[in-house]
Amino acid sequence: DGGITQSPKYLFRKEGQNVTLSCEQNLNHDAMYWYRQDPGQGLRLIYYSQIVNDFQKGDIAEGYSVSREKKESFPLTVTSAQKNPTAFYLCASGGVAKNIQYFGAGTRLSVL
Amino acid sequence: EDQVTQSPEALRLQEGESSSLNCSYTVSGLRGLFWYRQDPGKGPEFLFTLYSAGEEKEKERLKATLTKKESFLHITAPKPEDSATYLCAVQANSGYSTLTFGKGTMLLVSP
C-alpha cells in the first residue's frame, strides 16, 4: 500500500534524552514535512525538506533536528534542548508542484 | 504574515441538520486553500484544494467554496460519521511556500 508510515505510535522521553521519530513514505514525493500539534492548536511547522540532503527550518525548529539522506525517509530528533516536547507529531509528504500534503498517522510523545 | 481563522471552534449538529464551517484567511496572494478532516488521534486526511475565487468542489455530503477572503465547508444532511475536526490551510503564491493552518473546527453530529 502506498502511504506514509510513522513510528512509533507512542513514545516516552526521559529528562535529558534525545529521541528520534521515524517517517517513511513510498509515494515518491519530493517534499516532506514535520508538524507539531498541541491540543486546541493548529499544526505548526517544525522542519521541511524539498529534496534529498536539503532541509529548512519551519516556525518552531528550536530543540529539533532532521536529516534527509534518502528520498523516502525524513527522521525527526527531539533533543534535550526542547523543554516542552509533549505533543502529537505529524509527518507529511507532497509533490512540490501542487503542494497537496498527505499525512501519516502521527506519533504521540510524552515526557516521563 | 499569512493568517487563517476558523469558526466556530466547535459545532454540534443533529443528524440531518445542514450547516457551514468558515475559514477566513489573509495571505499575500493565494496559491491554494486546502481542507482536511482529522479524526481523534489520527493524521489529517486530505479533502479538497481550491485555487481561485468562485471555485467549488464536492465530495459526498461536503461542498467547499472559495471567495477572495474566505472559504466555506458546507455539510448537507450530516451523519454521525462526519464527526471530526476540520482543518483549513492556505499556501501563499510566493516561491516555494509552505502551508499555514487554522486551529480547526470540531464537529459533532448526534444521531
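Scroll up to find the structure.
Since the structure is predicted, the reported quantities are computational estimates derived from the model, not experimental observations.

In this section: the overall build of chain A. Within chain A one finds 0 helices and 11 strands. For chain A, the N- to C-terminal ordering of α and β elements is β-β-β-β-β-β-β-β-β-β-β. For 112 residues, the compact-globule estimate of 2.2 N^0.38 gives 13 Å, and the C-alpha radius of gyration of chain A, at 13 Å, lies within 12% of that figure. Principal-axis analysis of the C-alpha atoms gives chain A an extent of 40 × 25 × 25 Å. Buried residues in chain A amount to 49% of all 112 residues. In chain A, the share of contacts with a sequence separation of at least 24, taken over all contacts with a separation of at least 6, comes to 53%. Approximately 5400 Å² of chain A is accessible, and the part contributed by carbon and sulfur atoms is 48%. Across chain A, 12 positive and 10 negative side-chain charges occur, with their mean positions spaced 5 Å apart.

Our next topic: the sheet that holds strand S6 (residues 56-59) of chain B. Residue and element names in this part refer to chain B. Across the sheet, 5 strands lie side by side as S1-S3-S8-S7-S6; this open sheet has antiparallel pairing. Every interior strand has two partners, whereas the edge strands, strand S1 (3-7) and S6, have only one. The sheet shows a mean angle of 15° between the axes of neighbouring strands, direction not considered. Strand direction decides the pairing type here: S1 and strand S3 (residues 19-26), joined by 5 bridges, are antiparallel. Along S3, the bridge assignment pairs threonine 5 with serine 24.

Next up on the list: the state of the cysteines. All chains considered together, the criterion is met by 2 disulfides over all chains. Cys23(A) shares a disulfide with Cys91(A); S-S distance 1.8 Å. Across the S-S bond linking Cys23(A) and Cys91(A), the dihedral sits near -75°, which makes this disulfide left-handed. You can see Cys23(A) sitting in strand S3 (residues 19-25) and its partner Cys91(A) sitting in strand S9 (residues 87-94), a full 68 residues away along the chain. Taking the relative accessible area as the measure of exposure, Cys23(A) reaches 0% and is therefore buried. Owing to a relative accessible area of 0%, Cys91(A) belongs among the buried residues under this scheme. A disulfide bridge connects Cys23(B) with Cys88(B), and the sulfur atoms are separated by 2.0 Å. Between Cys23(B) and Cys88(B), the S-S torsion sits near -65°, and that sign places the bridge as left-handed. Of this pair, Cys23(B) sits in strand S3 while Cys88(B) sits in strand S9 (residues 84-92), and the two are 65 residues apart along the sequence. Taken as a pair, Cys23(B) and Cys88(B) share a single burial class, namely buried.

Procedures and definitions
Within any chain, residue numbers begin from 1 and follow the written order of that chain's sequence. Chains carry letters and ligands carry numbers; both start at the beginning, A for chains and 1 for ligands, and go up in the order they are written. Residues qualify for local features only when their pLDDT is at least 70, as the model is predicted, and side-chain atom pairs are given and counted only at 80 or more; totals for whole chains, interfaces and linings, by contrast, use all residues. Where side-chain values are given, they derive from all heavy atoms of the structure, hydrogens and water being excluded. Numbered from the N terminus, helices here are DSSP runs of H or I no shorter than four residues, and strands are runs of E no shorter than two. The atom set for the radius of gyration is the C-alpha atoms, and the globule formula is 2.2 Å times the number of residues raised to the power 0.38. Three exposure classes are used, based on accessible area relative to the maximum for each residue type with a 1.4 Å probe and protein chains only: buried under 20%, partly exposed in between, and exposed over 50%. Contacts are assigned to residue pairs with any non-hydrogen atoms lying within 4.5 Å of each other. Method for areas: the Shrake-Rupley scheme with a 1.4 Å probe, in which residue coverage is limited to the protein chains shown. Within this scheme the basic residues Lys and Arg register as positive and the acidic residues Asp and Glu register as negative, but His and the chain ends are omitted. Taken as the charge location is NZ of Lys, CZ of Arg, CG of Asp or CD of Glu. One bridge is not enough; two strands pair if DSSP finds at least two bridges between them. Convention adopted: a line fitted to C-alpha atoms gives each axis, helices being fitted over their contacting stretch, and angles between N-to-C directions are expressed from 0 to 180 degrees. Disulfide: a pair of cysteine sulfur atoms within 2.5 Å of each other.

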